[in-house]
Amino acid sequence: MAKQTITTLTSDLSGKDITEESGGGSVTLAYDGKTVEVDLTGAEIEKLEKVLAPYLDKGRRTAATSRPQLKSSKRNKKDLADMRTWGRANGWPSLGDRGRIPADVEAAYESAH
């Protein structure tokens, strides 16, 4: 038996269906430190662009900001395994085999070694 899944994009503003022919889609907006994405029909996008045009024409372009990079651990797998084993034996019995090691466990391990 064949199964077909159809995803329909609808406008967040009006609830109308968005089709490729209508020129609608997702629009990313940023204002006052808040960035949002909204799905709009082609007509709604045109209306938004008309309202924003005077501000966009007079505004300065800025560099896109990126998300902060997560710091990777400088420890090797053996060091992390030793820290987990030590942590379980010294007050953190539920310390898992995977994932981030809590800062208090890491600090206590460093103090003990």
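For the structure, see preceding data.
Our subject in this report is the structure included herewith. On a predicted model such as this, the values are computed, not experimentally measured, just so you know.

Observations concerning the overall build of the protein chain
Right, so step 1: Summing up its helical and strand segments, the protein chain has three helices and four strands in all.
Right, so step 2: Counting from the amino terminus, the protein chain carries its helices and strands in the arrangement β-β-β-β-α-α-α.
Right, so step 3: Relative to the 2.2 N^0.38 estimate, which gives 13 Å for 113 residues, the radius of gyration of the protein chain is 25 Å and therefore markedly larger than a compact globule would have.
Right, so step 4: Seen through its C-alpha atoms, the protein chain measures out along the principal axes to roughly 65 × 55 × 20 Å.
Right, so step 5: Split into buried and exposed, the 113 residues of the protein chain put 17% on the buried side.
Right, so step 6: Here the protein chain has roughly 10300 Å² of accessible surface; of this, 52% comes from carbon and sulfur atoms.
Right, so step 7: In the protein chain, 18 side chains carry a positive charge and 17 a negative one; their mean positions are 6 Å apart.

So, the nonpolar core
Right, so step 1: Counting six residues, the largest nonpolar core consists of Met83, Trp86, Leu95, Ile101, Val105 and Tyr109.
Right, so step 2: Residue assignment for this core shows that the elements contributing at least two residues are helix 2 (77–89) and helix 3 (103–112).
Right, so step 3: If near-sequence neighbours (up to four positions away) are discounted, Val105 is found in contact with Trp86, Gly87, Trp92 and Leu95.

Observations regarding the packing of aromatic side chains
Right, so step 1: Under the defined criterion, the tally for this structure stands at two aromatic pairs.
Right, so step 2: Measuring from ring centre to ring centre gives 6.2 Å for Trp86 and Trp92, while their planes differ by 35°; the resulting arrangement is tilted.
Right, so step 3: Here the aromatic rings of Trp86 and Tyr109 are separated by 5.7 Å at their centres, their planes lie at 75°, and the arrangement is edge-to-face. Here the residue Trp86 occupies a position in helix 2, and Tyr109 occupies one in helix 3, the gap between them amounting to 23 residues.
Right, so step 4: One aromatic cluster in this structure is built from Trp86, Trp92 and Tyr109.

Quick word on the environment of Gly42
Right, so step 1: Along the polypeptide, Gly42 turns up in helix 1 (residues 42–58).
Right, so step 2: In this structure Gly42 touches Ser22, Gly23 and Gly24, once residues within four positions along its chain are discounted.

Some remarks on the layout of surface pockets
Right, so step 1: Here the largest pocket is characterised by a volume of approximately 750 Å³.
Right, so step 2: Taken together, 22 residues form the lining of the largest pocket, with Thr28, Leu29, Ala30, Tyr31 and Leu56 sitting closest to its centre.
Right, so step 3: Every element with two or more residues in the lining of the largest pocket is listed here: strand 3 (25–31), strand 4 (34–40) and helix 1.
Right, so step 4: The biggest single contributor to the lining of the largest pocket is helix 1, with six residues.

Brief notes about the pattern of salt bridges
One side chain can pair with another of opposite charge once the charged atoms of both are near each other.
Right, so step 1: Summed over the entire model, instances satisfying the criterion amount to two salt bridges.
Right, so step 2: For Lys78, the salt bridge identified is with Asp82, shortest N-O distance 3.0 Å. Of this pair, Lys78 and Asp82 both sit in helix 2, four residues apart, which is roughly one turn of that helix.
Right, so step 3: On the accessibility criterion, Lys78 (56% relative accessible area) is exposed.
Right, so step 4: Asp97 is the partner of Arg88 in a salt bridge, and the nearest nitrogen-oxygen pair spans 2.5 Å.

Reading the values: the criteria
Residues numbered from 1 in each chain as written. Predicted model: local features only at pLDDT ≥ 70, side-chain atom pairs only at ≥ 80, totals over all residues. Heavy atoms only, no water. Helix = DSSP H or I, 4+ residues; strand = E, 2+ residues; numbered from the N terminus. Rg over C-alpha atoms; globule rule 2.2 N^0.38 Å. Buried < 20%, exposed > 50% of the residue type's maximum accessible area, 1.4 Å probe, protein only. Areas by Shrake-Rupley, 256 points an atom, 1.4 Å probe, with all protein chains shown as cover. Lys, Arg positive; Asp, Glu negative; His and termini not counted. Charge placed at Lys NZ, Arg CZ, Asp CG, Glu CD. Core = buried A, V, L, I, M, F, W, Y, C linked by side-chain atoms within 4.5 Å. Contact = heavy atoms within 4.5 Å. Phe/Tyr/Trp six-rings, centres within 6.5 Å; stacked < 30°, edge-to-face > 60°. 1 Å grid on protein atoms, 1.4 Å probe; cavity = no way out; pocket = protein on both sides within 12 Å on 5 of 7 lines; lining within 4 Å. Points joined across faces, edges and corners; volume = space filled by probe spheres on them. Salt bridge = Lys/Arg side-chain N within 4 Å of Asp/Glu carboxyl O.

So far we have only geometry, and geometry alone does not tell us how the molecule works.
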